[in-house]
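Structural description and commentary
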Amino acid sequence: MRKIKVLVVDDSAMFAELVRKGISSDPALEVVGVAKDPFEARDMILKYKPDVMTLDIEMPRMDGLEFTRRLMPQYPIPIVMVSALSDKVFDAMNAGAVDFIAKPVNMTKDEIFSYIQRDLCTKIKIASTVNVGGQKRVKPKSVSSDDIDSHHVVVALGASTGGTEALADVIMGFRKDIPGTIITQHMPPGFTKMYAERLDNQCAVDVKEAETGDVLRPGLVLVAPGDKHMRLVKKNDSYSVECKMGPKVSGHCPSVDAMFSSVAKVAGPHTVAALLTGMGKDGADGLLEIRRAGGHTIGQDEESCVVYGMPKVAYDIGAVEYQLPLHSIAHKIYSLLGRM
């Protein structure tokens, strides 16, 4: 099999060399060039035609966000951002980057090398399968104004690769009457809080990073913290969440399966759940549990997914009641809520 060609772009020569070595240690990957800024990168893209580019956010002359915005319309290429703790990474996702990793801090060289081998190499391989030029943003359908029981129903959403933008599209369609909503998106610690704050500023609903004891209420969306599983619990007549560190479930912490499984047990038929774009199978088994418990389940369709992995597995095992394009999901959630 042909190796995946990777271009590394980072203004730190020392870190770029660690990235190059880490990527080169994977037999499926080949580093074709290392550029210190977007101007060098532009020439190397034309010369080497890489399959994937890793791109630092913070660089002199032109940062990674601006480069992504300029590059994607003319030369769409799968980009994995390497970002310090900054909400610029979400602007880069919006501009067309596929995924990101957190830039390592307080790690030894050996720890950085292992982190690159484990996390960055995996994301590069996933990014190489994405047709970035084929992703089109479609205006969400207007949401109906059905009367819904906002107090006794739970909405649960899960996503991974491509999910930051997909979830935003769905939540932008929510009004203040949406039942309490919980979200698990695979993301590093720190970034989940920034992501929640970003959505809170953009959407009609209130969005926050979840903490143990947070009570669900209409118009509130809770995002699982980046290093903890979020599970639904019921006390007296109200739903709340529990956020705890623990071993990975379905390869992840936070895990969509862990969240969905708790929702199936606690809310059962009073649930509407959707599994969106992402690589792997996290969330598929949990979505099936929800469907078997009498809840309504939605899977994002292949055409609108950045990566049709998690929703495909869910569909294949019979967990998906309705398979829909992204722009229809918020509308469908309201439609289903109106029948409950």
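Just above sits the structure.
A brief report on the enclosed structure follows. (Residues numbered from 1 in each chain as written. Predicted model: local features only at pLDDT ≥ 70, side-chain atom pairs only at ≥ 80, totals over all residues. Heavy atoms only, no water.)

**Notes on helix 9 (residues 284-292)**
The criterion, for reference: Any residue under 20% of the maximum accessible area for its type is buried, any over 50% is exposed, and the rest in between are partly exposed; the area is computed with a 1.4 Å probe on protein chains only. The numbering of helices and of strands both runs from the N terminus, where a helix is a DSSP run of H or I of at least 4 residues and a strand a run of E of at least 2. Contacts between residues were defined by any pair of non-hydrogen atoms, one from each residue, lying within 4.5 Å.
Every buried residue belonging to helix 9 is among Ala284, Gly286, Leu287, Leu288 and Ile290, and all of these are buried. Of the surrounding elements, those touching the buried residues of helix 9 are helix 8 (256-266), strand 12 (271-275), strand 13 (296-300) and helix 10 (310-316). Phi for Gly294, located one or two positions after helix 9, is positive at around 100°.

**Quick look at unusual backbone geometry**
Residue Pro254 is reached from Cys253 by a cis peptide bond, and omega for that bond is 5°. With respect to the helices, strands and loops of the structure, Pro254 is situated in the loop between strand 11 (238-244) and helix 8. With phi around 55°, Asn106 is a residue other than glycine that occupies positive phi space. Examined against the element boundaries, Asn106 turns out to sit in the loop between strand 5 (99-102) and helix 5 (109-127). Using a relative accessible area of 81% as the deciding quantity, one classes Asn106 as exposed. Phi at Asn236 takes a positive value of approximately 55°, unusual for a residue other than glycine. With respect to the secondary-structure elements, Asn236 resides in the loop between strand 10 (229-235) and strand 11.

**Section: the pattern of salt bridges**
What counts, and what does not: For salt bridges, the criterion is a side-chain nitrogen of Lys or Arg within 4 Å of an Asp or Glu carboxyl oxygen.
Within this structure, the stated rule accounts for 23 salt bridges. Salt-bridge contacts for Arg70 lead to Glu66; the nearest nitrogen and oxygen are separated by 2.9 Å. A residue pair is termed a helical-turn pair when its members lie 3 or 4 positions apart in one helix, as Arg70 and Glu66 do in helix 3 (residues 64-74) at four residues. Ionic pairing is found between Lys208 and Glu211, a salt bridge with its closest N-O pair at 3.1 Å.

**Digging into helix 5**
Here is the rule we go by: Helix span, as expected, comes to 1.5 Å for every residue beyond the first. One axis is fitted to the seven residues ending at the residue and one to the seven starting there. The bend at that residue is the angle between these axes.
In this model, helix 5 (19 residues) spans 25 Å end to end at C-alpha, consistent with the 27 Å of a helix rising 1.5 Å per residue. The largest bend in helix 5 comes to about 35°, at Ile116. Restricting attention to buried positions, one finds in helix 5 the residues Ile112, Tyr115, Ile116, Leu120, Cys121, Ile124, Ile126 and Ala127.

**Structural notes on the packing of aromatic side chains**
Note the threshold: Think of it this way: a Phe, Tyr or Trp ring, Trp meaning its six-membered ring, pairs with another when their centres are within 6.5 Å, and the plane angle makes it stacked under 30 degrees, edge-to-face over 60, tilted otherwise.
Under the defined criterion, the tally for this structure stands at five aromatic pairs. With a centroid separation of 6.1 Å and an interplanar angle of 85°, the aromatic rings of Phe90 and Phe100 are classed as edge-to-face. Of this pair, Phe90 sits in helix 4 (residues 88-95) while Phe100 sits in strand 5, placing them 10 residues apart in sequence. When the centroid spacing of 4.8 Å and the interplanar angle of 55° are considered together, the rings of Phe100 and Phe191 count as tilted. Placement of the pair is Phe100 in strand 5 and Phe191 in helix 7 (residues 191-202), with a sequence separation of 91 residues. There is no split in this pair, since Phe100 and Phe191 are both buried.

**Observations regarding the sheet that holds strand 5**
The test is simple: A pair of strands is treated as paired once DSSP finds two or more bridges between them. Axes, fitted as lines to C-alpha atoms, cover a helix only where it is in contact. Angles between the N-to-C directions of the axes lie from 0 to 180 degrees.
Within the open sheet, the five strands sit side by side as 2-1-3-4-5. Their pairing is parallel. Since the sheet does not close on itself, it has two edges, and those belong to strand 2 (29-35) and strand 5, each with one partner. Here the strands of the sheet are splayed against their neighbours by 20° on average, with no regard to which way each runs. On top of the sheet, helix 1 (residues 13-24) reaches strand 1 (4-9), strand 2, strand 3 (52-56) and strand 4 (79-83); it is set at about 165° to strand 2, its chief contact. Helix-sheet contacts for helix 5 involve strand 1, strand 2, strand 3, strand 4 and strand 5, and the interaxial angle to strand 5 is about 170°.

**Observations regarding the side chain of Ser255**
Note the cut-off: Contacts described as polar in this section are N or O atom pairs within 3.5 Å, which, within protein, must combine one atom able to donate a hydrogen with one able to accept it, while residues neighboring in sequence count only if both atoms come from side chains.
Checked against the element boundaries, Ser255 lands in the loop between strand 11 and helix 8. On the basis of relative accessible area, Ser255 is assigned to the buried category, the value being 0%. Only 3.2 Å separates the side chain of Ser255 from the backbone oxygen of Val249, close enough to count as a polar contact. A polar contact is formed between the side chain of Ser255 and the backbone nitrogen of Asp257, at a distance of 3.1 Å.

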